[in-house]
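Coordinate inspection notes
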Amino acid sequence: MTRSRLDARRASLDRAIEDYLVHLRVERGLAPATISAYRGDLRDFAGEVGSAGWDSTPDPALRYLQARSARAATPARRRAPSRRATGPLRPTSLRRRAASIRSFYRFAYGEGLIEFDVASHLDLPRQPRLLPETLTIEETERLLEAAGGDDADPRRIRDRTLVEVLYAAGLRISEALRLDREDVSLDGGFVRVIGKGDKERLVPIGEIALGWLERYLAEVRPTWLAVAHVEPVRGGPVFLTERGRRLARQQAWTVVKRAAAAAGLSDRVTPHTLRHSFATHLLEGGADLRIVQELLGHASISTTQLYTHVTRERIREVYARAHPRA
């Protein structure tokens, strides 16, 4: 195949990927973060397979996924150097990458961009059952206390409020940071959350977290909001920086990481650990699985059922420690 035909084939792959990303944004209404993940997956795929028959055979996609899978098991000293080397993909990441590629091929075939149904020849790797990391109730209380106490430091008040809300409502960090003032009902004791796929849900907040929210909104946020000198839309962001801007994801991660370190907890604790702990503690307290599913905003009950395995594992641990013949 001539160089010009190779370039044309690569260009057609790039155009098909861009068409697919537009489809995800306009027709499916996916969140920007989700589209960004698809873009990263597909650009890596395009960069590896180039123009090698992507539109007429499943072989390039199969070889690509096999290489991403094998890279984890290949000793570093035997690995051929590559200017595009990206590190091994964990099973969950490999499954997502495969799902992105298969979904792209389904779109391309359905839109008539390719004549061969590549997607029908791509199977997703088996989903590994990884139990989420959770904190005990005592560890959670330590984390909350470490995030901020009764001192008057505005940043500590904001940090404590953020961590309290994450745990009290089981929010994803992106959901908490997207909250605007109009999404919070102090009288009703709930927050309006826009989750994945722009799905809306109302989540109650307990009295303790509500108390911290009231304090932060009254004592800290107005001063910071005034610094921005911008008329707030929908009441403005709930969680702000001292410059009156919406708190960034990395800044929120730092808040949780700093609190975890101060509490003497694992360095694996992340904002999502609080979401996992929220669900696990509810189930341990006797909450109905369907209610927990609604609170978390899970589309499928099978996703929520993973937390029942966590509670069973904890029961076994308690039994092993406490029973004289365990």
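Computed from a prediction, not measured in an experiment: that's the story for all the values here. (Residues numbered from 1 in each chain as written. Predicted model: local features only at pLDDT ≥ 70, side-chain atom pairs only at ≥ 80, totals over all residues. Heavy atoms only, no water.)

What the chain contains, in helices and strands, is 13 helices and three strands. Taken over 326 residues, the chain has a buried fraction of 41%. (Helix = DSSP H or I, 4+ residues; strand = E, 2+ residues; numbered from the N terminus. Buried < 20%, exposed > 50% of the residue type's maximum accessible area, 1.4 Å probe, protein only.)

Side chains of nonpolar character tend, in soluble globular proteins, to be buried together. Core analysis: the biggest nonpolar cluster contains 51 residues, and Leu143, Leu162, Leu166, Leu171, Tyr216 and Val238 have the highest contact counts within it. The residues contacting leucine 171, other than those within four sequence positions of it, are Val165, Leu166, Ala176, Leu179, Val193, Arg201 and Arg275. (Core = buried A, V, L, I, M, F, W, Y, C linked by side-chain atoms within 4.5 Å. Contact = heavy atoms within 4.5 Å.)

Moving on to the pattern of salt bridges. Within the structure shown, the criterion is met by 21 salt bridges. Its salt-bridge partner being arginine 43, residue glutamate 18 comes within 3.7 Å of it at the nearest N-O pair. Placement of the pair is glutamate 18 in helix 1 (residues 3–26) and arginine 43 in helix 2 (residues 32–49), with a sequence separation of 25 residues. A relative accessible area of 49% places arginine 43 in the partly exposed class. With its nearest N and O atoms 2.8 Å apart, the salt bridge here joins aspartate 41 to arginine 97. Within this pair, whereas aspartate 41 is found in helix 2, its partner arginine 97 is found in helix 4 (residues 91–110), the two being separated by 56 residues in sequence. A network of salt bridges, in which partner residues are shared, links Asp180, Glu182, Asp183, Arg192, Glu200, Arg234 and Arg246. (Salt bridge = Lys/Arg side-chain N within 4 Å of Asp/Glu carboxyl O.)

Below, the discussion takes up the pairing of strand 2 (residues 190–194). Going residue by residue along strand 2, you find Val191 and Val193 tucked away on one face and Phe190, Arg192 and Ile194 left uncovered on the opposite face. Pairing of strand 1 (residues 184–185) with strand 2, which is carried by two bridges, proceeds in the antiparallel orientation. Following the sheet pairing, serine 185 is matched in strand 2 by phenylalanine 190. Hairpin geometry of strand 1 and strand 2 is characterised by an intervening segment of four residues between the two adjacent antiparallel strands and by a positive phi of about 70° at glycine 189. (Pairing = 2+ DSSP bridges.)

Between helix 6 (residues 154–169) and helix 8 (residues 207–219), the least distance of the axes is 9 Å, while the angle of their chain directions is 145°. For the pair helix 6 and helix 8, the sense of crossing is left-handed. Mapping the contact onto sequence places Ile157, Arg158, Arg160, Thr161, Glu164, Val165 and Ala168 in helix 6 and Ile208, Ala209, Trp212, Leu213, Arg215, Tyr216 and Glu219 in helix 8. Here the residues of the contact of helix 6 with helix 8 are counted per class, giving eight nonpolar, one polar and five charged. (Axes fitted to C-alpha atoms, helices over the stretch in contact; angles between N-to-C directions. Left-handed = near helix turned anticlockwise from the far one by under 90°. Nonpolar A, V, L, I, M, F, W, Y, C, P; charged D, E, K, R; others polar.)

A separate point is the sheet that holds strand 1. Taken in spatial order, the three strands of this open sheet run 1-2-3, and their pairing is antiparallel. Of all the strands in the sheet, just strand 1 and strand 3 (200–204) have a single pairing partner and so form its edges. As defined by bridge partners, strand 2 adjoins strand 3 across five bridges and the pair is classed as antiparallel. In the sheet register, isoleucine 194 faces strand 3, and the bridge partner there is glutamate 200.

On to helix 4, then. Here helix 4 is 20 residues long and its end C-alpha atoms lie 28 Å apart, about the 28 Å a rise of 1.5 Å per residue gives. When helix 4 is considered as a whole, its buried residues turn out to be Leu94, Arg97, Ala98, Ser100, Ile101, Arg102, Ser103, Phe104, Tyr105, Phe107 and Ala108. Positive phi appears at glycine 112, one or two residues downstream of helix 4, with a value of about 75°. (Expected span 1.5 Å × (residues − 1).)

Before going further, it helps to examine the packing of aromatic side chains. The final tally for this structure, using the stated rule, is nine aromatic pairs. Aromatic side chains phenylalanine 45 and tyrosine 64 sit 5.3 Å apart centroid to centroid with 75° between the ring planes, which places their arrangement in the edge-to-face category. Here phenylalanine 45, found in helix 2, pairs with tyrosine 64, found in helix 3 (residues 59–70); they are 19 residues apart in sequence, far enough to count as distant. Following the ring pairs from residue to residue traces out a cluster consisting of Tyr20, Tyr38, Phe45, Trp54, Tyr64, Phe104, Tyr105 and Phe107. (Phe/Tyr/Trp six-rings, centres within 6.5 Å; stacked < 30°, edge-to-face > 60°.)

What follows covers the environment of proline 204. Its location among the elements puts proline 204 in strand 3. The sequence separation of proline 204 and phenylalanine 190 amounts to 14 residues, and the corresponding C-alpha distance is 4.0 Å. Beyond its immediate sequence surroundings of up to four residues, proline 204 is in contact with Ala168, Ala169, Gly189, Phe190 and Leu295.

Another aspect to go through is helix 6. What sets the pattern is the α-helix's 3.6 residues per turn: residues three or four places apart point alike. Taking 1.5 Å per residue as the helical rise, helix 6 with its 16 residues ought to reach 22 Å, and the 22 Å between its terminal C-alpha atoms agrees with that figure. Counting buried positions over the 16 residues of helix 6 gives twelve, a clear majority of the element. What helix 6 keeps buried is the set Ile157, Arg158, Asp159, Arg160, Thr161, Leu162, Val163, Glu164, Val165, Leu166, Tyr167 and Ala169. Following helix 6 by one or two positions, glycine 170 has its phi on the positive side, about 65°.

Our next topic: the packing of helix 5 (residues 137–147) against helix 10 (residues 249–262). Between helix 5 and helix 10, whose axes approach to 8 Å, the crossing angle comes to 115°. The orientation of helix 5 with respect to helix 10, classified from their angle, is roughly perpendicular. Of the two elements, helix 5 crosses helix 10, and the hand of that crossing is right-handed. In this structure, helix 5 uses Leu143, Ala146 and Ala147 to contact helix 10, whose residues at the interface are Val256, Ala259, Ala260 and Ala262. Residue composition of the contact of helix 5 with helix 10, grouped by class: seven nonpolar, no polar and no charged. (Parallel < 35°, antiparallel > 145°, perpendicular 65-115°, else oblique.)

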